[in-house]
Amino acid sequence: MATPLEKWVEEQAKLTKPDEIYWCDGSEEEARRIVEKGIKQEKVGEHHIFHELNHKTWPNSYWHRSHPTDVARAEHLTYVCYPDKDTAGPTNNWMDPKEAKALLTRLSDGCMRGRTMYVLPYMMGHPDSPYAKACVQLTDVSYVAVSMRIMTRVDKSVLEKIGARDDFVRGLHSVGDLDPDKRFIMHFPDEHLVWSIGSGYGGNALLGKKCFSLRIASRLGLQEGWLAEHMVILGIEDPRGNITYVTVAMPSACGKTNLAMLESSLPGYKVWTIGDDIAWLNIGSDGRLYAINPETGLFGVAPGTSMKTNPNMLRALKAGKFYPTLFTNTALDVAANEPWWEGLNDSNSKNLLDWEGKPWDKSKGAKAAHPNSRFTVSIYNSPALSKEFDNPKGVPISAIILGGRRTHLIPLITEAFNWQHGVFLGARNSSETTAAAVHQVGVVRRDPMAMLPFCGYHMGDYFRHWLNIGKRLAHPPKIFSVNWFRVDDEGEFIWPGFGENIRVLKWIVDRVNNRVGAKETPLGLIPELNDLDLQGLNIDKEKFEKLFEIKPSQWQEELQEMGSFLNQFGKRLPLEIQQEYKKLEGQLK
Ligand code: GTP
Ligand code: SPV
Ligand code: MN
């Protein structure tokens, strides 16, 4: 008798009609064969899926260009499908599940003709972890198949784990004909199903990532009493050798990967990587919050990454330990056969192909690499990988940090007065939009807990869930907000960022360990001037003070926007959040 998994694969094949079905085992040898196929046979439009880069300088690395209309997450084409719209809430696109499936069935009929259907059994989380989930993704493109091997634990042993069970997580993915009018990323949380067609890019196509591990997992977390968050997990080692574990939520392209890989500028301090994008947070039997990273790879923004800003990332990209490393929509230095992007170095090469594969003419002013060009590399290639990475229990979290990209208003660092106030800090989080999703870049939008595009259900219920988790914690983490992006009158970033962010992390570690006091402001607690270690940093006092400036007159518009954003959650907005809002409004009058 066929198992539920076999039956499901057969049904999807009947609909999508691939030429062949290939069950992946997750081995390196297999990945090499799939990459080879992407170099020689498979295409995106006119060009092949992969181009082999110079393996002397960039070991095991390949260049990939996606379709020019398909370079970022498509939030406007992303839906969550519950029988009733209210469960999705006002911040998600919604479609009735029956209607959505009818539409997708029409679009998927024969969509894999002429192609191979790869069956990818994979785990999100370490297989021994009680929090891990067994999943299967189907895809018809080699780029997605090998990306999944980097980003998740693809392994044939997952098939044994699933066995005759029916509760595995399902993902059906096809690039279709890459027509943006036929592109949809649909979620059916009640069935643990993601169905995505028409895109081969990142979060639209690697269904274990944003689709399952955030949108659907956040819903599971609500039902089961845990949190799925858009967060980095890192360990901060201090000169005494103690390691403090923290998570950091920031919207897309706001610095999570950079924080996860941070090389400290302060002697004696070191950052250990556990995750750069997603954290699953569970309450341990000791009443503390424990975090695991369900992923095994880094899918990071290339532009701005250099030996100066993020040396550990460059080391990981050149390690070549785990096969393969991918570069998507960067430029190509033809003579050296190496990837290139703005900020990597001052390339003098006259022979660059841009991300669309066209000869690059610097004088025309266009960027050579797409602003959302990325690398995909195994976390096991990171020179700073924490020894706790594979710990099935996860690591105990002492601080939760929330951040965004704000050129004005938001201080460098603020500490919440308590958990409830911290949830409010998260609820009022906002950021200037980036190229990580298809939309206008650089406009301020509200982005609670950096989860606006990823919370798979009503955000009013989500805030309530956070408040409830806090009540269940005997030792709740302290909550902080950070902003590296405040600018001076000339529009230049005041804070040097990157490796210097360790100074802010150090203050957080000191606060968590009750080593320093803090100053009260209407927004929360901020450092006493002498407690933020600025030794060796060339920053003038006036500018430094601007990083903490709070002018009530400048806050009125912000308060209004915050208020109307929160109001849309209606009766589902917890009273506690309304009270915190009122308090802040009163203090900034
Ligand atoms: P996703 O993978 O989209 O979720 O994004 P992320 O939050 O991991 O973003 P990432 O670390 O890849 O950084 C995005 C951009 O922000 C890159 O261009 C970085 O160079 C830049 N960046 C990161 N940290 C800092 C910082 O401390 N200061 C400044 N000015 N820029 C930064
Ligand atoms: C993000 O956009 O937040 C990312 C990249 O981390 S993607 O995988 O495309 O979601
Ligand atoms: Mn992300």
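Predicted, not measured: the structure shown is a model, and the values here were computed from it. (Residues numbered from 1 in each chain as written. Chains lettered and ligands numbered in written order. Predicted model: local features only at pLDDT ≥ 70, side-chain atom pairs only at ≥ 80, totals over all residues. Heavy atoms only, no water.)

Participant: What's the story with the overall build of the protein chain in this structure? I'm lost.
Facilitator: In terms of helices and strands, the protein chain carries 16 helices and 32 strands. Against the 2.2 N^0.38 benchmark of 25 Å for 589 residues, the protein chain shows a C-alpha radius of gyration of 23 Å, consistent with a compact globule. Overall, the C-alpha framework of the protein chain stretches about 65 × 55 × 45 Å when taken along its three principal axes. By the burial criterion, 61% of the 589 residues in the protein chain qualify as buried. For the protein chain, the share of sequence-separated contacts (at least 6 apart) that also reach a separation of at least 24 residues comes to 72%. (Helix = DSSP H or I, 4+ residues; strand = E, 2+ residues; numbered from the N terminus. Rg over C-alpha atoms; globule rule 2.2 N^0.38 Å. Buried < 20%, exposed > 50% of the residue type's maximum accessible area, 1.4 Å probe, protein only. Contact = heavy atoms within 4.5 Å.)

Participant: For this particular structure, what's the right way to read the nonpolar core?
Facilitator: Note that soluble globular proteins tend to have their nonpolar side chains buried in a common cluster. Trp280, Tyr462, Phe463, Trp466 and Leu566 are the most contacted members of the largest nonpolar core, which has 124 residues in total. Residue contributions to this core peak at 7 residues, all from helix H5 (residues 142-151). Core analysis: the second largest hydrophobic core is formed by 38 residues, Ala399, Trp495, Ile502 and Val516 among them. (Core = buried A, V, L, I, M, F, W, Y, C linked by side-chain atoms within 4.5 Å.)

Participant: What exactly am I supposed to notice about the site of ligand 1 here?
Facilitator: The immediate surroundings of ligand 1 are formed by 22 residues, with Ala253, Lys256, Thr257, Asn258 and Arg374 found nearest. At 2.9 Å from an oxygen atom of ligand 1 is found a main-chain nitrogen or oxygen belonging to Pro303. A distance of 3.0 Å separates an oxygen atom of ligand 1 from a polar atom in the side chain of Asn501. In isolation ligand 1 offers 680 Å² of accessible surface; the protein chains occlude 92% of this area. Looking at the shell around ligand 1, the elements with two or more residues in it are helix H9 (256-260) and strand E20 (297-301). In terms of residues, the shell around ligand 1 owes the most to one element, H9, which gives 3 residues. Of the residues that constitute the shell around ligand 1, the class distribution is 10 nonpolar, 8 polar and 4 charged. Mapped onto the domain boundaries, the shell around ligand 1 takes at least three residues apiece from domain 2 (228-296 + 387-588) and domain 3 (298-379). (Near = heavy atom within 4 Å. Polar contact = N/O pair within 3.5 Å; in protein donor to acceptor, adjacent residues only side chain to side chain. Areas by Shrake-Rupley, 256 points an atom, 1.4 Å probe, with all protein chains shown as cover. Nonpolar A, V, L, I, M, F, W, Y, C, P; charged D, E, K, R; others polar. Domains from an automatic or database assignment.)

Participant: Explanation requested: unusual backbone geometry in the structure shown.
Facilitator: Leaving glycine out, the prevailing phi sign among residues is negative, and the prevailing peptide bond configuration is trans. The omega torsion of the bond from Tyr323 to Pro324 falls at -10°, within 30 degrees of zero and hence cis. Of note in the backbone geometry, Ala450 takes a positive phi value of approximately 60° without being a glycine. Tracing the backbone shows Ala450 in the loop between strand E29 (444-446) and helix H12 (459-472).

Participant: It is not clear to me how the coordination of the manganese ion (ligand 3) should be interpreted in this structure. Could you clarify?
Facilitator: Four donors placed tetrahedrally around a metal ideally meet at 109.5 degrees, and six donors placed octahedrally ideally meet at 90 or 180 degrees. Those donors, Lys210 (NZ), His230 (NE2) and Asp277 (OD), are the protein atoms that reach the manganese ion (ligand 3), and they lie 2.2 to 2.4 Å from it. One can describe the site at the manganese ion (ligand 3) as octahedral: its 6 donor atoms subtend angles covering 68 to 174° at the metal. Here the donor residues of the manganese ion (ligand 3) are spaced in sequence according to K-x19-H-x46-D. Placement of His230 in the loop between strand E14 (227-229) and strand E15 (231-237) and of Asp277 in the loop between strand E17 (270-275) and strand E18 (279-283) is noted, with a sequence separation of 47 residues between them. With relative accessibility at 8%, the residue Asp277 sits in the buried group. (Donors = N, O, S within 2.8 Å, 3.2 Å for Na, K, Ca; no water. Tetrahedral: all angles 85-135°; square planar, octahedral: opposite > 155°, others 65-115°.)

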